[in-house]
Structure formats: structure tokens, C-alpha cells
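Tertiary structure, described
Next come the chains, spelled out residue by residue.
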Amino acid sequence: LFPGVRQAQWLTKTKLVEGLPPAVQGIVENPALGLQELEERAKHAVSHARLWDTAEVAPRREQYCPVLFENLIHICRLMSGKYPPLSKRMLARNCRIAATWERESILLQVRGLSGILMNSMTPIPPVASKEEILATKEHVLETFYPIAPTIDLQEVNVYKELNDTGQSFRDGYPYSHPHTLFFLESANVRTDRFRPEQLRAKMLMFAFGNALAKARALHGNDPKVLEQPIVVQSIGTDGQLFQFMVFQLNTTDLVSNDGIKNLVWIDSDQNLYEKAQCVPEVKKKVVTKPAGISGFQPDTFKKFLALYLHGTV
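Keep in mind that this is a model prediction, so the values were computed, not measured.

Take Glu62: it is sitting in helix 4 (residues 61-77). In this structure Glu62 comes out as partly exposed when scored by relative accessible area, which is 44%. Linking Glu62 and Leu184, residues 122 residues apart in sequence, is a C-alpha distance of 9.0 Å. Those residues in contact with Glu62 that sit more than four places away from it in its chain are Ser186 and Asn188.

What follows is the structure, given as C-alpha cells:
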């Protein structure tokens, strides 16, 4: 999506709110949860991914980005001893999603691999109140006139209007609620990775697609304002810079620009650390910069952990 999040907002009929919603920010700032006790583990997770996991002088991003993700997820799982409902989660890899909807007179479809999807036995409760949802009626969606909002979308012949949450969500599957999508932009060459703005747009489209497919599975295909909104989160990273997102599907009535809008909260461009010095810098036989991780940002780690805990804590 060339214009990024602004275009994704129009396509999904969504109002943007900067920052994390209070329900998640409250977890980040709650000292009683003991998130700060895991900060040292998070620092070791970064050092393991960037410095210790390989014999190479400098590990490639395609190697350290997935390792860092697995390390952070492992730390999150340690909280299940304190909060047993966290054990009722499952990671689905290479999970495909398909969702079809109409905007104005345009038939749209999001379809493909939706990153790594964490599923839950219970849904995330709505993060916006009914009053906040009603207030979205007044929100005016940005247009791109004279540019069409679908300018850079791939045009294909659609023979079947699919709304599929993936094979893992078949009848009887206990972890049937999408919780959080993880997107790892791990390509070593910068031009092969999504830029942060485009990554956030991708995160929004797939969070929306998962929520819409789930809504259709629960309530059918008739357009409606949902009595119980569906919340799907998303986290994107290149192994250093993190994007955090919480999406709430309030309506499947997407044709018109009028009425209730969906909501998305985005916390953009959060560094987990400033720099990884893989080998020491030596000048005149004196180490001027030792190997190690500098500028670790505990708040970024806490946000990652808070999204994992959200819906349980």
C-alpha cells in the first residue's frame, strides 16, 4: 500500500488513534504485575540473538530477527505460572487468511499468509466503550481524490468470495479466537523489507482480515454493527524496531463511509535497543567500544509483554 496506513484506514473503514489503548497501557504501567522483573531476561534475549547465537562475526537479520522473537515469546510464556489462563494459547505458523468485503462499489479481498498468529481459547474483550464506538459516527474518513484509494492494489478475477480464518479454526478447534499477529521483517537486504509505514499498513489489513473472517464465522455475512466487537492485535519488527497495534472491528457494514467506524490504536517505531556492537572496536590496541548491546529500551519490551498479557490480565 503506497500511502500506507491512511490508505488501509479507508479500505477498512477505520479511525486511527495514536498510541496504545488504556487497557494495554495500564498493563505496561502497573508495577504490581512485576514486568520490570523480566527486564534482565529481555536484555539477555537481545544479546543471545545478536551476539551469542552464531559463530559469525555479525549475524544476518534473517537469522537474529526470528531468534529474538522466539526469545521474547519464551519470556512471555514464563508469566503463565503466575497467570494460568496464558497457557490457553497456541501459535499457528504459515496460517492463511481470506476475507472479502465491499467498499462503495469496489469488491476487496485480503488473502495470503498472515504472519505468525497467536490464537486463544477466549477472545480479547473490547477496548473501546460503547460511547467511544458511537462517537466514530462523526469521524470523516480521508479520501485521496483525485487518486483512487485502490490505486496500487492488485486487480484479479475473484471467482469465489472467501471468508476463511484458516484450517486451524475448523469446528471443534479449541484455540478458535485470533489474538495477536506477529510480522517478522527479517530480510537482510533493506529493499526486500517493508518500510515501517508499509509494514503498519500490512499489519492493519491482516488484523482487519482476521477479525472480519471471525465475525463472518460467528454472525454470518449480513452487514451489521457488532454487539460484541472483535479485537485482534498485531506486532511487527525487523529485529530492532517494533510496531504495536490493537484493532477493534465494530462493524461489518463497510460499503458506505457513513455510520460506525472500526478503530485502530498504533504505537509506532519503538526501538528495543539502539545498537548491537557485535565485535569490539579497537584503536591503537585499545578497546574503544566493547562488544555488547547499548540503549536497551525496557518500555518497548513491556509493550510487547503487555500485548501478550492483554485479555488475561
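Further notes follow.
So, on to unusual backbone geometry. A positive phi angle, close to 55°, is found at Asn94, a residue other than glycine. Structurally, the position occupied by Asn94 is in the loop between strand 2 (89-92) and strand 3 (96-103). Taking the relative accessible area as the measure of exposure, Asn94 reaches 61% and is therefore exposed. The backbone of Glu104 shows a phi angle near 55°, a positive value even though the residue is not glycine. Mapped onto the elements of the fold, Glu104 is located in the loop between strand 3 and strand 4 (106-113). Classification of Glu104 as partly exposed rests on a relative accessible area of 40%.

Our next topic: empty space enclosed by the protein. Following the criterion strictly, the structure yields one cavity of 30 Å³ or more and no others. Taken together, Cys65, Leu68, Phe69, Leu72, Phe182, Phe183, Leu184, Ile235, Gly236, Thr237, Phe242 and Phe304 make up the full set of residues lining the largest cavity. Taken together, the elements giving at least two residues each to the lining of the largest cavity come down to helix 4, strand 6 (177-184) and strand 7 (225-237). In terms of residues, the lining of the largest cavity owes the most to one element, helix 4, which gives four residues.

Further remarks concern the packing of helix 1 (residues 5-12) against helix 6 (residues 196-219). The geometry of helix 1 relative to helix 6 is characterised by a closest axis approach of 8 Å and an angle of 15° between their N-to-C directions. As summarised for this structure, helix 1 and helix 6 are arranged roughly parallel, according to the angle between their axes. Classified by chirality, the crossing of helix 6 by helix 1 is right-handed. Listed contacts from helix 6 to Val5, Arg6, Ala8, Gln9, Leu11 and Thr12 of helix 1 are Glu197, Arg200, Ala201, Leu204, Met205 and Phe208. Of the residues in the contact of helix 1 with helix 6, the class split is seven nonpolar, two polar and three charged.

Bringing the sheet that holds strand 6 into the picture now. With mixed pairing, seven strands are arranged side by side in an open sheet as 1-9-8-7-6-5-2. Each of the sheet's edge strands pairs with one partner strand only, and the pair in question is strand 1 (14-18) and strand 2. Across this sheet, the average inter-strand angle for adjacent strands is 20°, counted without regard to direction. Where strand 8 (residues 241-251) lies against strand 9 (residues 262-271), seven bridges are found, and the strand directions are antiparallel. In the strand pairing of strand 9, Phe247 is matched with Val264. Contacts from helix 7 (residues 298-309) reach strand 2, strand 5 (116-120), strand 6, strand 7, strand 8 and strand 9, with the element oriented near 30° to strand 8.

All right, on to the pattern of salt bridges then. Within the structure shown, the criterion is met by 10 salt bridges. In this structure, Glu39 and Lys302 form a salt bridge, with 3.4 Å as the shortest nitrogen-oxygen distance. Pair noted here: Glu39 is in helix 3 (residues 39-52) and Lys302 is in helix 7, with a separation of 263 residues, a long-range link. The pair Glu39 / Lys302 is uniform in exposure class, with both members buried.

The rules behind each value
Numbering of residues starts from 1 in each chain and follows the order in which that chain's sequence is written. Totals for whole chains, interfaces and linings use every residue, but because this is a predicted model, local features are given only for residues with pLDDT of at least 70 and side-chain atom pairs only at 80 or more, for both listing and counting. Side-chain numbers come from the whole structure's heavy atoms, not from hydrogens or water. Each helix is a run of H or I in the DSSP string that is no shorter than four residues. Each strand is a run of E no shorter than two, and both are numbered from the N terminus. Only protein chains enter the accessibility calculation, which uses a 1.4 Å probe. A residue is then buried if its area is under 20% of the maximum for its type, exposed if over 50%, and partly exposed in between. It only takes one pair of heavy atoms within 4.5 Å for two residues to be counted as in contact. Every definition here rests on a 1 Å grid over the protein atoms only: cavities are sets of points where a 1.4 Å probe fits but cannot get out, pockets are open sets enclosed by protein on both sides within 12 Å along at least five of seven lines, and lining residues have some atom within 4 Å of a point. Grid points are joined across faces, edges and corners, and a volume is the space filled by probe spheres set on the points. With axes taken as lines fitted to C-alpha atoms, and helix axes fitted only over the stretch in contact, angles between N-to-C directions fall between 0 and 180 degrees. Any angle from 65 to 115 degrees is called roughly perpendicular, while one under 35 is roughly parallel, one over 145 is roughly antiparallel, and all others are oblique. Handedness of each helix crossing follows the sense of rotation of the near helix against the far helix: counterclockwise by less than a right angle gives left-handed, clockwise gives right-handed. Residues are grouped as follows: Ala, Val, Leu, Ile, Met, Phe, Trp, Tyr, Cys and Pro are nonpolar; Asp, Glu, Lys and Arg are charged; all remaining types, including Gly, are polar. A pair of strands is considered paired only if DSSP assigns at least 2 bridges between the two. Definition used for salt bridges: Asp or Glu carboxyl oxygen within 4 Å of a side-chain nitrogen of Lys or Arg.

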